[in-house]
Amino acid sequence: MTFKCAFTFYGGKSKIAHLYPAPTERTVIEPFCGGASYSLRYADRDVWINDLDDRTVAIWRFMVEHQDAERWIRELPDAVENGA
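It should be emphasised that the depicted structure is a prediction, and the values quoted were computed from it without experimental measurement.

Visitor: How would you summarise helix α2 (residues 54–65) if you had to cite specific residues and measurements?
Guide: For α2, built from twelve residues, the straight-helix expectation of 16 Å at 1.5 Å per residue is met to within 8% by its first-to-last C-alpha distance of 16 Å. Three or more residues of α2 are buried, namely T56, W60 and M63. All buried residues of α2 lie within an arc of 65° about the axis, which places them on one face of the element. When the buried face of α2 is taken as reference, the exposed residues oriented beyond 90 degrees from it are D54, R55, R61 and E65.

Take a look at the structure:
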């Protein structure tokens, strides 16, 4: 099962993650994960994500520790309109 990107960053991999080759190992390691676009494409594997940004780490910890995180990710909109 693959997921769309949980959140994006300027310069992130969300638009090009599909161009990267599939992992050759069972474990996917994404050391500068941001929105983890690459790892989410291979959510059926063992995934290790990390980031230097404390806010990004806090978001992922929150999502991983909540039982409903998978449902939340599936319900994310494909696009968000600019607001005032």
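Structure's up, so let's keep going.
Visitor: Go over the environment of T56 with me, naming the residues and quoting the values.
Guide: Counting through the fold element by element, T56 comes out in helix α2. For T56, a relative accessible area of 2% gives the class buried. As for T56 and G35, which are separated by 21 residues in sequence, their C-alpha atoms are 8.0 Å apart.

What counts as what
Residues numbered from 1 in each chain as written. Predicted model: local features only at pLDDT ≥ 70, side-chain atom pairs only at ≥ 80, totals over all residues. Heavy atoms only, no water. Helix = DSSP H or I, 4+ residues; strand = E, 2+ residues; numbered from the N terminus. Expected span 1.5 Å × (residues − 1). Buried < 20%, exposed > 50% of the residue type's maximum accessible area, 1.4 Å probe, protein only. Arc of directions from axis to C-beta.

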